[in-house]
Amino acid sequence: MESFQDLAVRFRAYHTNSLNVALHMVTTPAGMVSALVLAKQNWPVEVFAAVVAAYVGSLFFALRSMGLWVATTAWVAGLVTVSVLIAPHMALLDSLKLLALAYAGQELAHFITKERTFQSTYMNKGTSVPGLLLEHTYYLLPLCLDSLVHMKESFASWMVAHNYVVRCKLTSTEDRAALKDVYDFVTAANPRRDNTAHWWYQLLDGKVGAAFSHVMQCPPVLGMFKERFGLAYAIEPIPAMNEIYVSSTTHANNSDTVFYTQHCDGPYSVYPFCHVYRVMLAVNENTQVETLFTMERSGGCLSDGDAAGFDYNREIHVISDLPTKNVDRRITLKLHYVVYPKCFGALGRVKGTLATWYNTTARNLFLNTISPSGVFWKFMAWNVIFWTKRVRELELYAGLNNVVLAAAYYLLGAHIHPRFFMAATSFTHYCMYIATYHHRTGINFGVFKRNVVFFKTIALTHLCWNYAANFTYDPVSLAMLVVGYSLSTAATLALGIDQTYFGVELGVMKPNFVGGFPYNCVPHPMIVGSIVGLLGFHKMASFRAELPYLVPVHCLMYLTHMVQEQVQDIYKKEWSAGAGVGKTSMAIGAKAGKTA
């Protein structure tokens, strides 16, 4: 029999995806419950208890890890308790259905995440298969628990604002030759320089059409998507949206202004797990026009084979001019791809179809407003710019995804429980803080900050609304609110918004060690102020009677994150290197209380 440690190493290779592991933590216990129910219904109590004890006891020697054995024992105890409770109410057929559903669920988990099943690695080993299957089954629960610790990304990654901007550069001889063919085509066409020029991919033929087709499928472009999304995602070009784009030298009073205005390109941001990407690929040298990503806080001049891909419907971006001037035209290929989980199939491809329909409609409007003539088209050009700005403001300050999620919680609450909406939205920002601080890599800082501020605003609105609705005069409560939140606000102003919201931890800024008020008067003023403010709500008897658990849960979440910051202390190296006592205390103040 193979040692557990060797078996676990092999098992982990097929359970790296956090979704796959999460589904296994549902299906494996479900399968065990079905087996335990059958045993409870057919064995004497003494035999049932002896078998469970023997299983747990044997694992003590087999696992050789006290922590894993304790975790497995706790899970077994819970599953046995559930099984004993439901056994009187389950028929034989029900137990068999649950067992079959658990097995099918594990297969489905691997299908969804495109990870090969561990069982498939030994099913062709002839007479050894029964023994290997028995070993796999015996160790299955601790193997799943072990995978929880060793999967590539923790479940915390589900809550973080991932950075979805991807980049590459075309350098191979074949790729460079294709870009040269595109450049020669544009140069020969010699378009006007005072307006943008566009050639749609589907109308290109001959040498330039072949060059465009090559670039669209070249390894660097497809590779940057595979690196970002992995094997579980399909990457399919959307030819109908592709074009050769040549910048203009002017952009005033027409739709060209849109490119120099922060904007999102498409309207379908609320379409979960699926993406339509626009890739801007520089055909020639460019030292004048920057492509900037507002939320990611990055960008620069895409030049001579540089490519940047971004979510067509979600990523705010803009181009701007540097003082330097291009000698030649700025020629760019706009490539588009629909990226979706392979298990979605046609449902994923639908987003590409929707984006194509929208792009075609927008393109026709755009072409008529590049140089608008007449009152109607001038009005339409104004509308293009006006609504571009409004959508940008929505995505910058709230996010359509967040708005729709909050609205869904509200509608669900109307049918589930009057307090559901409050419970679902009061603590979301804490979960985002905790998950992001744990994850800390590949985060889109602007999106993270927007999301937590959005849900924190809802949480504070719940507190204030219920405080006003249940108000009875309590001077101590009012004083605690004023003093607490004034102190917290002063600490935030001293640090700056970006540092308050993990700017240092996420690597977007250097630490600002604050020594002035309120850090020179109160230790951890952001934490102290926020806790005092929260307890100010709770101090009012009528509020406390109506919502006895709201503030205690806020405080619990707050303190949980504070402990996390101390355990996962990113400043530990600086302190160990001999930072001064005063500076150290300031650093603590600067990093503590990000949930203010």
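Here is a short report on the structure shown in this document. Since we're looking at a predicted model, the values are computed, not measured.

Before going further, it helps to spend a moment on the overall build of the protein. Of the regular secondary structure elements, the protein holds 23 helices and 10 strands. Taking the principal axes of the C-alpha coordinates as reference, the protein spans close to 90 × 80 × 55 Å. Taking the intrachain contacts of the protein between residues at least 6 apart in sequence as the baseline, contacts between residues at least 24 apart amount to 81%. When the accessible surface of the protein is split by element, carbon and sulfur atoms take 67% of a total near 28,300 Å². Of the charged side chains in the protein, 46 are positive and 38 negative, and the gap between their average positions amounts to 3 Å.

Moving on, we get to the layout of surface pockets. One number sums up the size of the second largest pocket: a volume of about 850 Å³. Taken together, 33 residues line the second largest pocket, and the ones lying closest to its centre are Thr28, Gly31, Met32, Thr137 and Leu140. At the level of secondary structure, the elements contributing two or more residues to the lining of the second largest pocket comprise helix H2 (18–42), helix H3 (45–63), helix H4 (66–86), helix H5 (92–113), helix H6 (129–138) and helix H7 (140–150). Broken down by element, the residue count for the lining of the second largest pocket peaks at 8 residues, all from H2. Considering only residue class, the lining of the second largest pocket consists of 21 nonpolar, 11 polar and 1 charged.

Our focus in this paragraph is the packing of helix H8 (residues 173–189) against helix H9 (residues 206–216). Put simply, H8 and H9 touch, their axes get as near as 9 Å, and they point 140° apart. Considering their axes alone, H8 and H9 lie oblique with respect to each other. At the point where H8 passes H9, the crossing takes the left-handed sense. Where H8 abuts H9, its residues Glu174, Asp175, Ala178, Leu179, Asp181, Val182 and Phe185 lie against Lys207, Val208, Ala211, His214 and Val215.

For the rest of this paragraph, the subject is empty space enclosed by the protein. Here the structure, examined in full by the defined rule, presents 2 cavities of 30 Å³ or more. Considered as a void within the structure, the largest cavity measures approximately 120 Å³ in volume. Taken together, Tyr245, Phe259, His263, Asp265, Arg278, Met280, Thr291, Phe310, His317, Ile319, Arg330 and Lys334 form the lining of the largest cavity. Residue composition of the lining of the largest cavity, grouped by class: 5 nonpolar, 3 polar and 4 charged. Along the walls of the second largest cavity sit Leu281, Ala282, Asn284, Asn286, Leu302, Arg330, Ile331 and Thr332, which together make up its complete lining. Split into classes, the residues belonging to the lining of the second largest cavity amount to 4 nonpolar, 3 polar and 1 charged.

Now for the pattern of salt bridges. Going through the model one piece at a time under the given rule, you end up with 15 salt bridges. Put simply, Arg167 and Glu296 hold a salt bridge, and the shortest N to O gap is 2.9 Å. Pair noted here: Arg167 is in strand S1 (residues 166–169) and Glu296 is in the loop between strand S6 (289–293) and strand S7 (298–301), with a separation of 129 residues, a long-range link. The structure contains a network of salt bridges with shared partners spanning Arg297, Lys449 and Asp498.

For the rest of this paragraph, the subject is the sheet that holds strand S9 (residues 317–321). The 3 strands are arranged S7-S6-S9 in an open sheet whose pairing can be described as antiparallel. The strands lining the two open edges of the sheet, one partner per strand, are S7 and S9. Here the average twist between neighbouring strands, direction ignored, is 20°. Relative to S7, S6 is paired through 4 bridges, and the arrangement is antiparallel. Residue pairing across strands places Glu290 opposite Cys301, the latter belonging to S7.

Moving on, we get to helix H19 (residues 525–539). When the terminal C-alpha atoms of H19 are compared, their 20 Å separation across 15 residues agrees well with the 21 Å that a helix rising 1.5 Å per residue should span. The buried fraction of H19 amounts to 11 of the 15 residues, a majority that puts the element mostly inside the structure. Turning to H19, its buried residues are Pro525, Met526, Ile527, Gly529, Ser530, Ile531, Gly533, Leu534, Gly536, Phe537 and His538. Those residues of H19 that are buried are in contact with helix H15 (428–439), helix H16 (445–469), helix H17 (475–495), helix H18 (497–500), helix H20 (541–546) and helix H21 (550–567).

Below, the discussion takes up unusual backbone geometry. Pro518 follows Phe517 through a cis peptide bond whose omega is 0°. Not every positive phi belongs to a glycine, and Lys114 is a case in point at roughly 60°. With respect to the helices, strands and loops of the structure, Lys114 is situated in the loop between H5 and H6. Residue classification places Lys114 among the partly exposed residues on the basis of a relative accessible area of 33%. Notably, Arg297 is not glycine yet its phi reads approximately 65°, a positive angle. Examined against the element boundaries, Arg297 turns out to sit in the loop between S6 and S7. A relative accessible area of 43% places Arg297 in the partly exposed class.

Summarising burial for strand S10 (residues 331–341): 11 of the 11 residues are buried, a large majority. Examined bridge by bridge, strand S5 (residues 275–282) and S10 share 8 bridges and lie antiparallel to one another. Bridge assignment links Ala282 to a residue of S10, and that residue is Thr332.

The rules behind the values
- Residues numbered from 1 in each chain as written.
- Predicted model: local features only at pLDDT ≥ 70, side-chain atom pairs only at ≥ 80, totals over all residues.
- Heavy atoms only, no water.
- Helix = DSSP H or I, 4+ residues; strand = E, 2+ residues; numbered from the N terminus.
- Contact = heavy atoms within 4.5 Å.
- Areas by Shrake-Rupley, 256 points an atom, 1.4 Å probe, with all protein chains shown as cover.
- Lys, Arg positive; Asp, Glu negative; His and termini not counted.
- Charge placed at Lys NZ, Arg CZ, Asp CG, Glu CD.
- 1 Å grid on protein atoms, 1.4 Å probe; cavity = no way out; pocket = protein on both sides within 12 Å on 5 of 7 lines; lining within 4 Å.
- Points joined across faces, edges and corners; volume = space filled by probe spheres on them.
- Nonpolar A, V, L, I, M, F, W, Y, C, P; charged D, E, K, R; others polar.
- Axes fitted to C-alpha atoms, helices over the stretch in contact; angles between N-to-C directions.
- Parallel < 35°, antiparallel > 145°, perpendicular 65-115°, else oblique.
- Left-handed = near helix turned anticlockwise from the far one by under 90°.
- Salt bridge = Lys/Arg side-chain N within 4 Å of Asp/Glu carboxyl O.
- Pairing = 2+ DSSP bridges.
- Expected span 1.5 Å × (residues − 1).
- Buried < 20%, exposed > 50% of the residue type's maximum accessible area, 1.4 Å probe, protein only.

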